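# Summary of the model geometry
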Amino acid sequence: MSDATLKFVEREQAYPSKRTTADRTGDFREIADRYATPAASEQAGRCSQCGVPYCSVHCPLHNHIPDWLRLTAEGRLREAYELSNATSTMPEICGRICPQDRLCEGNCVIEFSGHGAVTIGSVEKFITDKAWDEGWVEPLVAGTARGQSVGVIGAGPAGLSAAEYLRVMGYAVHVYDRHDRAGGLLTYGIPGFKLEKHVVMRRVERLAKGGIVFHHGFEVGRDATLDELRARHDAVLIATGVYRPRAIKAPGVGSAGVVDSLDFLIASNRKGFGDAVPEWDDGRLNAAGKHVVVIGGGDTAMDCVRTSVRQGAKSVKCLYRRDRANMPGSQREVGHAEEEGVEFVWLSAPDAFDAVADGRVSGVRATRMRLGAPDASGRRAPEPDPGSEFVLEADLVIKALGFDPEDLPAMFDAPELGVNRWGTLRVDNKSMMTSLEGVFAAGDIVRGASLVVWAIRDGRDVSERMHAWLKERAVQERAAA
Ligand code: FAD
Ligand code: SF4
Ligand code: SF4
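Calculation rules
- Residues numbered from 1 in each chain as written.
- Chains lettered and ligands numbered in written order.
- Predicted model: local features only at pLDDT ≥ 70, side-chain atom pairs only at ≥ 80, totals over all residues.
- Heavy atoms only, no water.
- Helix = DSSP H or I, 4+ residues; strand = E, 2+ residues; numbered from the N terminus.
- Rg over C-alpha atoms; globule rule 2.2 N^0.38 Å.
- Buried < 20%, exposed > 50% of the residue type's maximum accessible area, 1.4 Å probe, protein only.
- Contact = heavy atoms within 4.5 Å.
- Areas by Shrake-Rupley, 256 points an atom, 1.4 Å probe, with all protein chains shown as cover.
- Lys, Arg positive; Asp, Glu negative; His and termini not counted.
- Charge placed at Lys NZ, Arg CZ, Asp CG, Glu CD.
- Phe/Tyr/Trp six-rings, centres within 6.5 Å; stacked < 30°, edge-to-face > 60°.
- Pairing = 2+ DSSP bridges.
- Axes fitted to C-alpha atoms, helices over the stretch in contact; angles between N-to-C directions.

Here we come to the overall build of the protein. Per the secondary structure count, the protein includes 19 helices and 15 strands. Compactness check: the protein gives a C-alpha radius of gyration of 23 Å against a globular reference of 23 Å for 481 residues, within 12% of the reference. For the C-alpha atoms alone, the extent of the protein along its principal axes is close to 75 × 60 × 45 Å. Counting across all 481 residues of the protein, residues that qualify as buried make up 56%. Considering only residue pairs separated by 6 or more positions, the protein has 70% of its internal contacts joining residues 24 or more positions apart. Accessible area of the protein: about 20,100 Å², with a carbon and sulfur share of 51%. With 60 positive and 67 negative side-chain charges, the protein shows a spacing of 1 Å between the two charge centroids.

Looking at the secondary structure, you find Ser330 in the loop between β8 (315-319) and α16 (331-339). Here Ser330 falls in the buried class, since its relative accessible area comes to 4%. Beyond its immediate sequence surroundings of up to four residues, Ser330 is in contact with Asp101, Arg102 and Asp299.

Tallied over the entire structure, the rule returns five aromatic pairs. Here Phe28 and Phe193 contribute two aromatic rings whose centre-to-centre distance is 6.2 Å and whose plane-to-plane angle is 35°, an arrangement assigned as tilted. In this pair, Phe28 sits in the loop between α1 (21-24) and α2 (37-44) while Phe193 sits in the loop between α10 (185-188) and α11 (197-209), placing the two residues 165 residues apart along the sequence. Residue class for Phe193 comes out buried when judged on its relative accessible area of 3%.

One open sheet accounts for five strands, arranged β3-β2-β1-β4-β15; its pairing is parallel. Either end of the sheet is taken by a strand with one partner, and the two such strands are β3 (213-215) and β15 (439-441). Each adjacent strand pair in this sheet contributes to an overall mean axis angle of 20°, direction not counted. The sheet contact formed by strand β1 (residues 149-153) and strand β2 (residues 172-176) spans five bridges and is parallel. Following the sheet pairing, Gly151 is matched in β2 by His174. Helix α19 (residues 452-480) contacts β1, β4 (235-238) and β15 of the sheet and is inclined by roughly 160° relative to β4.

The analysis is restricted to geometry; functional conclusions fall outside its scope.
Given below as structure tokens:
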């Protein structure tokens, strides 16, 4: 075993330092600095090189974590990058935004032994950022042309990952997305303080230079039916994510100033790109100078409260019907939000939205909740505590209750496209094919709202399944010719 590792007793866990709260809330840059090379090597050297690495087992990509940690500890950074790149299309993105406390780091044995997990995500981010700086990231090189083409609907992490692998296998790849930029939620959902946009755009540019053809502003359902795309390509991948916001049914919810989380986040991200965003400029989707109440307890809610702080809100409150221990969002993100001045109003649910004479929202009427027995998800179900009503002042209310799938069979004019009772696409577990021959699906549109790392994993898996199916089809076509 290398002398550079097993240092977890003598070396304390140290994440890259975070910028001060005052500094980071003044802009949309990432909040954590990047390791300097010696610090990355030192932290990687805390790994005990487990024979059965639980970190890898619990990483959805099964990254070769102990191996690239050892190479980093030994200063062999280019090899570390190449190994981490071998299992992931976006290691520096996962290093930034995976909930590591629930995945790799949360299952590190050093954590269980009380020494603090190896800082896997920060090291992963460091080695790939370093590779970009040093020019070690190779251009995408297409495989020998196979004479078959693939259409990918959706340029999020699932679609982009599949596109990359399929291009390397030699397919002509066309990616269709209704937005004007690729990246899906990496580009327009997740704010820059978690993931700076140049990190996403350099990945997209690499794919475009490698011959993947992007059709921006192309909405399947509006600009073509699914059948038309099937006629254009030998196989089609649906990777459209989930975008139907869950609604709140309460009086006054239609008041001006009660907005959906993704509208708010997209406007903010567009502004960051320097786009013209009239709804931001006229204040409809801008928290500056307002009392903001965000409703929800997931990661989207955390992104909304922290974006509001950066836009200069007067006050930011997060209303959530369960308590801190039972919220779906990452505890790390809640900690960041608290540091930045967000007030959490736990165990509270909205009853109604008050509005002033011109129809603008002025307050949220809410009731305190108490936790009852666990529900189907295993979390304790909240129930109202009678007589505990209260009012929060609000001139911007952001609804962040999660997302369901859109009605794809109707949108795509493809009633035979099978969905399950949640509206996500039904796929065969083995082939990842939908009910339509040659149409595959991956990412959130199959899993429901999930994580970037799972979308990348699905993109990787579906590319292999599509390759197998396309090869078989080519054989059949040759035999029939
Ligand atoms: P998406 O990223 O949603 O991409 C789907 C793409 O399909 C979009 O570009 C969309 O424009 C396009 N599309 C949809 N319909 C059509 C159509 N009809 N025609 C053409 N194009 C279409 N995960 C994490 O791991 N860490 C985080 O910190 C994190 N933060 C998040 C914050 C927010 C605000 C949100 C909403 C989600 C967050 N997630 C996070 C979840 C993560 O972003 C998703 O799980 C992931 O992006 C899903 O990838 P996908 O490729 O399946 O879909
Ligand atoms: Fe950890 Fe995510 Fe990287 Fe896997 S991809 S090693 S879970 S940060
Ligand atoms: Fe290293 Fe922790 Fe993974 Fe073990 S579980 S190999 S100590 S990172």
